Amino acid sequence: MKKFLLATLSLMIFLTGCGLNKPKEPQQDTLDKIKSRGKIIVGVKYDSKPFGFLDENNQIQGFDVDVAREIAKYILGDPNAVEFKQVTASNRIFMLTSDAVDVVIATMTINPKRLEVVDFSQPYYIAGQAIMIPKNSPIRGIKDLNNRKVIIVLGSTSEKNIRMMAPEALIQGFRTYNDAFSALKADRGDAMTTDDSILYGFAGSDSSYKILPDRYTKEPYGIAIKKSPETETLRMTIDEALYQMQHNGTLNRIKHKWVK
Ligand code: GLU
C-alpha cells in the first residue's frame, strides 16, 4: 500500500512538472500579424520637427513619418496602411516591449545599451549632438556648459552624453522636446542640447536661437523592433525596404524634403 501511495505521489509530481515545463505556445510571426491586420502600427514622435511633428492641421508629418509610409508601401503595398502612435524619448522602448506598437521610428539612435533590449534596422540617417543657445549667449562650446543650466529631454542619448562631457552642468530634464524648448524660451536654462536634426527644427522657426558649430557625437538612427524570434522576418523585411529606398533614391528624396 505504502509503495502504491509513493508511486501515485511520484506520478503526480512528474505530471505537475510536465505541466510546468510545457513548451510555450509559438507566437504568431509579427510580419504575418501586420499583413493579416492590414496595417503597421508605428511609434513616432509628435515633438521632433522635422522628423515627427503635428502640422497646423494636426496631421502627423516628417522624415520618420515618410519612412514609415515607405515601409508600409513595401510590406502592404499601400503607404497609408499605417497607424501612428505617439512615443517620447523615455517611453519608446516600453511601447515596443509592451506590444503597443510594431516598430518605433523616432529619431532613435542605435547604441549598444539599447541593443541589449531591442533590435534595430540598418541606420537610415546620421545626426550629431549639438548645442543650441540664445543668440546673445556667451557660451561657445561644451566646456562652457559646466555650472550652467542645460536643458535636455529625459531618456535621450544627449542626456547621458552631457552628464559625461560636462559633468558640472546643471541638468534640467523635460519629457518632451516642446516642453524643453518652452523652458529655454522662458529662460529656465542657458542652453539646450540634443541631436542637430531636432535643434534645426526649433532654431529654424525662431531666429532668437542659434546652433553652435561643433558636433559631439554620431547618432545613427535606426528603426527599433521588439527583440524576439517572432520579429526576425519583420526586421529582415524592413532592412530590405531600407536597402531598396537607399538604392532607388527614395531615402535621399525624403532627406532633401525635410533636412535643409
Ligand atoms: N537620437 C537621440 C536618442 O535616440 C536623441 C533624440 C531623441 O531623444 O530621440 O536619444
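Look up: the structure comes first, before these words.
For the structure given in this document, a descriptive report is provided here.

Reading guide: rules and limits
- Residues numbered from 1 in each chain as written.
- Predicted model: local features only at pLDDT ≥ 70, side-chain atom pairs only at ≥ 80, totals over all residues.
- Heavy atoms only, no water.
- Pairing = 2+ DSSP bridges.
- Helix = DSSP H or I, 4+ residues; strand = E, 2+ residues; numbered from the N terminus.
- Axes fitted to C-alpha atoms, helices over the stretch in contact; angles between N-to-C directions.
- Contact = heavy atoms within 4.5 Å.
- Core = buried A, V, L, I, M, F, W, Y, C linked by side-chain atoms within 4.5 Å.
- Buried < 20%, exposed > 50% of the residue type's maximum accessible area, 1.4 Å probe, protein only.

## What about the sheet that holds strand β12 (residues 191-195)?
Here comes step 1: Read across the sheet, five strands follow the order β11-β10-β12-β9-β13 without closing on themselves; strand pairing throughout is mixed. Because the sheet does not close on itself, it has two edges, and the strands there are β11 (170-174) and β13 (209-211). For this sheet, the mean angle separating the axes of adjacent strands, direction not counted, is 30°.
Here comes step 2: Bridge count for strand β9 (residues 129-134) against β12 is four bridges, and the pairing is antiparallel. Looking at the pairing, Ile131 lines up with Thr193 of β12.
Here comes step 3: The strands touched by helix α7 (residues 177-185) within the sheet are β9, β10 (149-153), β11, β12 and β13, with β12 carrying the most contacts at an inclination of about 155°.

## Some words on the sheet that holds strand β3 (residues 52-54)
Here comes step 1: A sheet is described by the order of its strands in space; here three strands give the open sequence β2-β3-β4, paired in antiparallel fashion. Each of the sheet's edge strands pairs with one partner strand only, and the pair in question is β2 (47-48) and β4 (60-61).
Here comes step 2: Here two bridges tie β2 to β3, and the two strands are oriented antiparallel to one another. Opposite Ser48, over in β3, you have Gly52 as the bridge partner.

## A closer look at the nonpolar core
Here comes step 1: Residues Ile40, Val42, Phe63, Val67, Val103, Tyr124 and Ile223 are the most contacted members of the largest nonpolar core, which totals 34 residues.
Here comes step 2: Contributing elements (two or more residues each) for this core: α2 (30-37), β1 (40-44), α3 (63-76), β5 (82-86), β8 (125-127), α9 (232-247) and α10 (250-258).
Here comes step 3: If one sorts the elements of this core by residue count, α3 sits on top with seven residues.
Here comes step 4: Filtering out sequence-adjacent residues up to four positions away, Ile40 remains in contact with Ile34, Ile71, Ala72, Ile75, Leu76, Ala81, Val82, Glu83, Asp102 and Val103.
Here comes step 5: Listed in part, the 17 residues of the second largest apolar core include Ala89, Val153, Leu199 and Phe202.

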